[in-house]
Amino acid sequence: MKNDRSVKFNKLYDCLFCLILAVFPFVKIRLGYDFIDSGYSIINYMNFFRFKSGALLFTYLSNFTGYLFTLLPYGNTLLGIRFYSTLLVSFTLLVCYLVLSRRYSKVMVFAGVVTAFFLTPGPYVVLYNYLTYLFIAIAVCLIDKALNNEKDICFLCAGIVLGLNVFVRISNLVFAILIVPIVVYLALQKEKKSVIVKKIVICISGFLAGVLSVIIMICITYGGHVFEEMFDSLTSLSESGTGYAFSDMLLTLPSEILFYGKWLGLIAVTILGAFAISLLNVHYKRNAIINTATALISVAMILFILRRMSYWGIFTIHDYTDIESVHFFVLLSVIISIFVSVFTVCSGKIDKDDKFWVVTMLALIMVIPLGTNTGMIAYQGNMFWILPTTFGMMFKSAVDRKKTIKDVIFSERMPVYISVILLLTVTVFQSTMFYLNFVYANPAPGELSEKYDGGVLNGIYSVPGLNDIVKEAEDYVKKASLNGSEVITWGDIPLMGFVLDMPTAFSTGWPDLTSFSEDTFVKELSTMDKPVIIVNRWFSGGDPLNPEVWQYSKKAEFLSDFMNDNDYRLSFENDKFRVYLAD
């Protein structure tokens, strides 16, 4: 009877938690719009067959998926493409929860998945991020299923998914490291070397099949010559000084630890000091009062340190509208995850499945920042496996039903458990506040009160006044019959090409982006036939026809010269945009 009740509660938990995880990502789907990242991605999707730049191969499958979304009902609107992109996020959360909840506490896994989701900064339409997370989730799920059911087809499919993931974002090649946990797991089972080699060969064969299938698609679509351009773009990108150098990416975690070193050191000394005192007490006096007091003093010290950090602006408890407001707690989560992994392995009370998840988690922590110049933001958006595994593993390690309350109080580990639980609790609180107050590149949700009516932004809420500014530009373009004309959007506003239904004149919707090389910029600009030019006046700081104002970059100078040589004149302006037409 008791087992039947337990089964019913587990099913109830699964239904409730899955419903929440499926719905949560859609809560803020109507809030705000950014002119930069969302616009850049959408322009790439809309021009999937038109753009033939080798650089776009870095994110080929992301762009292709986005292109497919644009063909679906309402996929040519921001709200529609957001809806389809958010479905991928929901699916990612569900996969992580359903896989890990079979092994660890459902409540702890759910808390970890929700915390990871709350930390994600968005926007979800940037598919090379969120499709990556989904492919990782599916690959790990298939590997887990393969190891538990010993089905070769799952190894093959896991390899195919990891291979396809390479062309979701070219730097995802590093996630091939997820094959390592397979070796560890099979070795722990003391499988024959021939069996291990067979499984790995199957997985690698699937990986190569996934990669080759996309290469064939690219060759059919663009021709093989674009790969030469892709490698040239990779080389120039790593040398561009934009943070894509391998050394910069590899040192992401160490550099962040050094940056917060003083505060992390104080927290570590507090926990280790409490552990040392508790260890001496347990071995010599076994005094419950001393042990409890040590734990409470450790908690008080950590709270004091966090309060001082807040006072000195290391993190905020008042303003969560900045994407960096939770960076310290993301770093703290990663460090705690490493600590819990090492502690779990060293405790000796760990089975082969736990070791698989430890290796998987550490592998992800190692490679997440590789291939991106976003630093800790890379971790911030990709904790879907790491946090729930940490929560579940720690709970499993701390809770032993055979122990009595007395055993727990006398345990020398109690101050460590209490301190780490406190840090994770504060992390959960900070992530929750971040989710409630953050909308990418927008003010807090409460300030987004004005709904856009009509056009591709229909139904999206923004700050009062901004919709009117965008609407003025949209009305002008329609009145001047410029829809469908080629356009150069300059000043971090690639979204406007999508809003105004104007194809971009460059092979990118964001020509002022640093990683878009000057040589390509000049080459493409020289072949253009007087496109419409729309400038973000907040970005440019002045009139682009005045070279003295625009001499802040070589590309800006080239554009200014191009406009003067072709007799461009100001045709429209409002509080944000200037539209220039050639005579």
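Below is a short write-up of the structure. Remember, predicted model here, so these are calculated numbers, not experimental data.

1. What to know about the overall build of the protein chain
Inference 1: Across its full length, the protein chain carries 25 helices and six strands.
Inference 2: Against the globule reference of 25 Å for 583 residues, the protein chain gives a C-alpha radius of gyration of 27 Å, in line with a compact fold.
Inference 3: With the principal axes as the frame, the protein chain shows a C-alpha extent of 90 × 60 × 50 Å.
Inference 4: Out of the 583 residues in the protein chain, the part that is buried amounts to 52%.
Inference 5: A separation threshold of at least 6 residues defines the contact pool for the protein chain, and within that pool the share at least 24 residues apart is 73%.
Inference 6: Of the accessible surface of the protein chain, which amounts to about 26,200 Å², a share of 63% is contributed by carbon and sulfur atoms.
Inference 7: The centroid of the 46 positive side-chain charges in the protein chain is displaced by 18 Å from the centroid of its 47 negative side-chain charges.

2. Overview of the sheet that holds strand β3 (residues 487–490)
Inference 1: Here four strands make up an open sheet; going across it, the order is β3-β4-β6-β5 and the pairing mixed. Of all strands in the sheet, those with a lone pairing partner are β3 and β5 (568–573), marking the two edges. Mean inter-strand twist for the sheet, computed between neighbouring axes without regard to direction, equals 25°.
Inference 2: Bridge analysis of β5 against strand β6 (residues 577–582) gives five bridges, and the strand direction is antiparallel. Each residue of the ladder has a partner; that of Arg569, found in β6, is Leu581.
Inference 3: Against the sheet, helix α21 (residues 466–479) contacts β5 and β6, and its axis sits at roughly 20° relative to β6.

3. Points about helix α23 (residues 518–525)
Inference 1: Listed in full, the buried residues belonging to α23 are Phe521, Glu524 and Leu525. For α23, the angular spread of buried residues about the axis comes to 100°, placing them on one side. Among the exposed residues of α23, those oriented more than 90 degrees off its buried face are Asp519 and Lys523.
Inference 2: Those residues of α23 that are buried are in contact with β3 and α25 (554–565).

4. Digging into helix α7 (residues 152–166)
Inference 1: Relative to the 21 Å expected for 15 residues at 1.5 Å per residue, α7 spans 22 Å between its end C-alpha atoms, a close match to the ideal helical length.
Inference 2: Those residues of α7 that fall on the buried side of the exposure criterion are Cys154, Phe155, Ala158, Gly159, Val161, Leu162, Gly163, Asn165 and Val166.
Inference 3: Against α6 (127–149), α8 (180–188) and α9 (193–221) lie the buried residues of α7.

5. Digging into the pattern of salt bridges
When their charged atoms lie close together, side chains carrying opposite charge are able to pair.
Inference 1: One pass over the structure, following the stated rule, counts 14 salt bridges.
Inference 2: Of the charged contacts in the structure, one is a salt bridge between Arg103 and Asp353, with a shortest N-O distance of 3.5 Å. Placement of Arg103 in the loop between α4 (78–100) and α5 (106–119) and of Asp353 in helix α16 (residues 352–367) is noted, with a sequence separation of 250 residues between them.
Inference 3: The partly exposed category is assigned to Arg103, whose relative accessible area is 25%.
Inference 4: A relative accessible area of 17% means that Asp353 is categorised as buried.

6. Side note on the nonpolar core
Inference 1: Tyr33, Phe328, Trp385 and Val470 are the most contacted members of the largest nonpolar core, which totals 162 residues.
Inference 2: Looking at this core, the element that brings in the most residues is α6, giving 14 residues.
Inference 3: With sequence-adjacent residues up to four places away left out, Trp385 is seen in contact with Val95, Cys96, Val99, Leu100, Ile136, Ala137, Val140, Cys141, Trp357 and Leu364.
Inference 4: Formed by 16 residues, the second largest nonpolar core is a distinct cluster that contains Leu525, Val535, Ala556 and Tyr580.

7. Quick word on a negative patch on the surface
Inference 1: Taken together, the side chains of Asp468, Glu472, Asp475 and Asp575 make up a negatively charged region of the molecular surface.
Inference 2: Inspection of the secondary structure puts Asp575 in the loop between β5 and β6.

8. Structural notes on the side chain of Ser38
Inference 1: Note on placement: Ser38 falls in helix α2 (residues 37–46).
Inference 2: Exposure remark for Ser38: the relative accessible area of 1% places this residue in the buried category.
Inference 3: Among residues more than four places away in sequence, those in contact with Ser38 are Pro123 and Val125.

9. Some remarks on the state of the cysteines
Inference 1: For the structure shown, the criterion picks out zero disulfides.
Inference 2: A disulfide-free cysteine, Cys96 has its sulfur positioned 9.0 Å from the sulfur of Cys141, the nearest such atom.
Inference 3: Since its relative accessible area comes to 1%, Cys96 is described here as buried.
Inference 4: Cysteine Cys154 remains unbridged, with the sulfur of Cys157 as its closest cysteine sulfur at 6.4 Å.
Inference 5: What makes Cys154 buried here is its relative accessible area of 7%.

10. Thoughts on unusual backbone geometry
Inference 1: At the junction of Gly122 and Pro123, the peptide bond is cis and its omega measures out at -5° in the coordinates.
Inference 2: Structurally, the position occupied by Pro123 is in the loop between α5 and α6.
Inference 3: Unlike most non-glycine residues, Tyr74 shows phi in positive territory, near 65°.
Inference 4: Mapped onto the secondary structure, Tyr74 falls in the loop between α3 (60–71) and α4.
Inference 5: In this structure, Lys190 is a non-glycine residue whose phi angle is positive, near 60°.
Inference 6: Along the polypeptide, Lys190 turns up in the loop between α8 and α9.

11. Description of the pairing of β3
Inference 1: Residues Val487 and Thr489 point to one face of β3 and Ile488 and Trp490 to the other, with burial holding for every one of them.
Inference 2: Relative to strand β4 (residues 532–536), β3 is paired through four bridges, and the arrangement is parallel. Within the sheet, the bridge partner assigned to Ile488 lies in β4 and is Ile533.

12. A closer look at a nonpolar patch on the surface
Inference 1: On the surface, Phe9, Leu12, Tyr13 and Val107 cluster together into a nonpolar patch covering about 370 Å² of accessible area.
Inference 2: Looking at the nonpolar patch element by element, the count peaks at three residues for helix α1 (residues 2–23).
Inference 3: Within the secondary structure, Val107 sits in helix α5.
Inference 4: You can call Val107 partly exposed: its relative accessible area is 37%.

13. Quick word on the packing of aromatic side chains
Inference 1: This model, assessed by the stated rule, comprises 41 aromatic pairs.
Inference 2: Across the ring face of Tyr435, the terminal group of Lys28 is positioned such that the distance to the ring centre comes to 4.2 Å.
Inference 3: The ring of Phe35 has Lys576 lying over it, and the distance from NZ or CZ to the ring centre is 4.7 Å.

14. Here's the deal with the environment of Thr120
Inference 1: Within the fold, Thr120 resides in the loop between α5 and α6.
Inference 2: Relative accessible area serves as the criterion here: at 7%, Thr120 is assigned to the buried category.
Inference 3: Taking the C-alpha atoms as reference, Thr120 lies 15 Å from Ala444; in sequence the two are 324 residues apart.
Inference 4: If sequence neighbours within four positions are ignored, Thr120 has contacts with Tyr130, Gln380, Gly381, Phe384 and Phe434.

Basis of the calculations
Residues numbered from 1 in each chain as written. Predicted model: local features only at pLDDT ≥ 70, side-chain atom pairs only at ≥ 80, totals over all residues. Heavy atoms only, no water. Helix = DSSP H or I, 4+ residues; strand = E, 2+ residues; numbered from the N terminus. Rg over C-alpha atoms; globule rule 2.2 N^0.38 Å. Buried < 20%, exposed > 50% of the residue type's maximum accessible area, 1.4 Å probe, protein only. Contact = heavy atoms within 4.5 Å. Areas by Shrake-Rupley, 256 points an atom, 1.4 Å probe, with all protein chains shown as cover. Lys, Arg positive; Asp, Glu negative; His and termini not counted. Charge placed at Lys NZ, Arg CZ, Asp CG, Glu CD. Pairing = 2+ DSSP bridges. Axes fitted to C-alpha atoms, helices over the stretch in contact; angles between N-to-C directions. Arc of directions from axis to C-beta. Expected span 1.5 Å × (residues − 1). Salt bridge = Lys/Arg side-chain N within 4 Å of Asp/Glu carboxyl O. Core = buried A, V, L, I, M, F, W, Y, C linked by side-chain atoms within 4.5 Å. Patch = residues over 30% accessible without salt bridge, like charges linked within 9 Å, V, L, I, M, F, W, Y side chains within 5 Å. Disulfide = S-S within 2.5 Å. Phe/Tyr/Trp six-rings, centres within 6.5 Å; stacked < 30°, edge-to-face > 60°. Lys NZ or Arg CZ within 6 Å of the ring centre and 35° of its normal.

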